[in-house]
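Report on the structure
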Amino acid sequence: MSDKDFPDDLFDKALDALDETSKEPIKTEGIKAIPELLERGYYDKAVDIMIKIIEDPDPYSINDKIAVTDIAHQVAQQDANIIRRLLPYLYVIYNKTEAYLTRAAPDPVLIMNTANVLTHAKSVLYDEIARLKQLIIDVANQISNEYKTNNIPLGDVAPRVGLSLVVVLLLVDEMLLNKEVRGHYDSVGDILTLESDKARCYNCGAEFPKDLEKCPSCGIEFPKCVICRLIIRTIPVTCPKCGNSAHREHMLEWLKMSHDKKKGKGMCPICQNYLAPEDLK
Ligand SMILES: [Zn+2]
Ligand SMILES: [Zn+2]
Ligand SMILES: [Zn+2]
């Protein structure tokens, strides 16, 4: 179908369902346009709007969300592939309702409807979830190579996989739980830290087998931590008095343990000079 045939008015009408200025419980006219778009074969446009409504943070939109799941249920019974892109968003509602709908109370009708859609779309759903998980892993590795770090901001992954952050967070959470990916997640900054068999030089960013004591790329020698005796792969902290290095967290812990109240500082484990955390280089 050419662009000329595209029913802009119908699309606009469907988008009216998202109009935040009208707070009536069901924006019936806008919602009605969605099945009409589907019927006329504009699946992508229709699913776009369905995703927008499902993601709408407006608490008044709960009835619109229910209406969307009603439409999705009908579609899922015929051909779930049409609403494939909507399924991960419903999957989040089903698995993480409260976190997802923080501004709207978890609604039993919405959850029941969502469960119905997911049951009917089961085969497409698991297929799609598996595909998206693999895509997230691929993009995370891509970003790891680009940024030269194993700490991947999931906020940067989301747009590249074409999903919202909340969906990415759920899928990553599942992958970590099922050990489909090795690493850990830090909610501060939504960082996924990938565990790898390789180490990365803090100086030049090159990747190499974990047990090397010297970077094969820039030649920097990795210092040993004076506290745990292991090679330091992260940026080390150095005592300004004796020049010995340690893992940051180990040195901070040591300074805390050896804290002298009168001096207000802790003691370097090697030269025994008193240091404040901000004295460390
Ligand atoms: Zn290097
Ligand atoms: Zn250490
Ligand atoms: Zn020292």
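As the structure is a prediction and not an experimental result, all values here were calculated from the model.

A word on the coordination of the zinc ion (ligand 1)
Coordination angles at a metal have ideal targets, namely 109.5 degrees for four tetrahedral donors and 90 or 180 degrees for six octahedral donors. Note on the zinc ion (ligand 1): its protein donors are Cys-201 (SG), Cys-204 (SG), Cys-215 (SG) and Cys-218 (SG). The metal-donor distances range over 2.3 to 2.4 Å. Because the angles between the four donor atoms bound to the zinc ion (ligand 1) fall within 106 to 114°, the donor set is best described as tetrahedral. Spacing between the donor residues of the zinc ion (ligand 1) along their common chain follows C-x2-C-x10-C-x2-C. Here Cys-204 is found in the loop between β4 (198-200) and β5 (207-209), whereas its partner Cys-218 is found in the loop between β5 and β6 (237-238), with 14 residues between them in sequence.

Describing a negative patch on the surface
A contiguous patch of negative charge on the surface is contributed by Asp-8, Asp-9, Asp-12 and Asp-16. Looking at where Asp-12 falls in the secondary structure, it is placed in helix α1 (residues 8-15).

Some points on the packing of aromatic side chains
One pass over the structure, following the stated rule, counts two aromatic pairs. The interplanar angle of 55° and the centroid separation of 6.1 Å between the aromatic rings of Tyr-202 and Phe-222 together place this pair among those described as tilted. Of the two residues, Tyr-202 is situated in the loop between β4 and β5 and Phe-222 in the loop between β5 and β6; the sequence distance between them amounts to 20 residues. Judged by its relative accessible area of 26%, Tyr-202 is partly exposed. Overall, Phe-222 belongs to the buried group, its relative accessible area being 7%. For the pair Phe-208 and Phe-222, a centre-to-centre distance of 5.7 Å together with 25° between the ring planes defines the contact as stacked. A residue pair is termed long-range when its members are at least 10 positions apart, and Phe-208 in strand β5 and Phe-222 in the loop between β5 and β6 qualify at 14 residues. No difference in accessibility class separates Phe-208 from Phe-222, as the two residues are buried.

Here's the deal with the coordination of the zinc ion (ligand 3)
Donor atoms from the polypeptide that bind the zinc ion (ligand 3) are Cys-239 (SG), Cys-242 (SG), Cys-268 (SG) and Cys-271 (SG), placed at 2.2 to 2.3 Å. Around the zinc ion (ligand 3) sit four donor atoms; with metal-centred angles ranging over 104 to 115°, the donor geometry is tetrahedral. The sequence pattern describing where the donors of the zinc ion (ligand 3) fall on their chain is C-x2-C-x25-C-x2-C. With relative accessibility at 1%, the residue Cys-239 sits in the buried group. According to the relative accessible area criterion, Cys-242 is partly exposed, its value standing at 30%.

As for unusual backbone geometry
In the Ramachandran plot, Asp-190 falls in the positive-phi region, its phi being about 50° despite a non-glycine side chain. Position of Asp-190 relative to the elements: it lies in the loop between β2 (183-186) and β3 (191-194). Accessibility expressed as a relative area gives 18% for Asp-190, which makes it buried. With a phi close to 75°, Arg-229 is a non-glycine residue in the positive phi region. With respect to the helices, strands and loops of the structure, Arg-229 is situated in the loop between β5 and β6.

Remarks on the packing of helix α7 (residues 122-147) against helix α8 (residues 154-161)
It is at 10 Å that the axes of α7 and α8 come closest, and there the two elements cross at 125°. Taken together, α7 and α8 sit at an angle that is classed as oblique. Crossing handedness for the pair α7 and α8: right-handed. On α8, the residues that touch Leu-135, Ile-136, Val-139, Gln-142, Ile-143, Glu-146 and Tyr-147 of α7 are Asp-156, Val-157, Arg-160 and Val-161. The residue inventory of the contact of α7 with α8, partitioned by class, reads seven nonpolar, one polar and three charged.

Concerning the pairing of β2
In this structure, β2 lies alongside β3, joined through four bridges in antiparallel fashion. Bridge pairing links Asp-186 to Ile-191 in β3. In textbook terms, the turn of a hairpin is the stretch between consecutive antiparallel strands, and for β2 and β3 this stretch comprises four residues, one of which, Gly-189, has a positive phi near 80°.

Scoring rules and cut-offs
- Residues numbered from 1 in each chain as written.
- Chains lettered and ligands numbered in written order.
- Predicted model: local features only at pLDDT ≥ 70, side-chain atom pairs only at ≥ 80, totals over all residues.
- Heavy atoms only, no water.
- Donors = N, O, S within 2.8 Å, 3.2 Å for Na, K, Ca; no water.
- Tetrahedral: all angles 85-135°; square planar, octahedral: opposite > 155°, others 65-115°.
- Helix = DSSP H or I, 4+ residues; strand = E, 2+ residues; numbered from the N terminus.
- Patch = residues over 30% accessible without salt bridge, like charges linked within 9 Å, V, L, I, M, F, W, Y side chains within 5 Å.
- Areas by Shrake-Rupley, 256 points an atom, 1.4 Å probe, with all protein chains shown as cover.
- Salt bridge = Lys/Arg side-chain N within 4 Å of Asp/Glu carboxyl O.
- Lys, Arg positive; Asp, Glu negative; His and termini not counted.
- Charge placed at Lys NZ, Arg CZ, Asp CG, Glu CD.
- Phe/Tyr/Trp six-rings, centres within 6.5 Å; stacked < 30°, edge-to-face > 60°.
- Buried < 20%, exposed > 50% of the residue type's maximum accessible area, 1.4 Å probe, protein only.
- Axes fitted to C-alpha atoms, helices over the stretch in contact; angles between N-to-C directions.
- Parallel < 35°, antiparallel > 145°, perpendicular 65-115°, else oblique.
- Left-handed = near helix turned anticlockwise from the far one by under 90°.
- Contact = heavy atoms within 4.5 Å.
- Nonpolar A, V, L, I, M, F, W, Y, C, P; charged D, E, K, R; others polar.
- Pairing = 2+ DSSP bridges.

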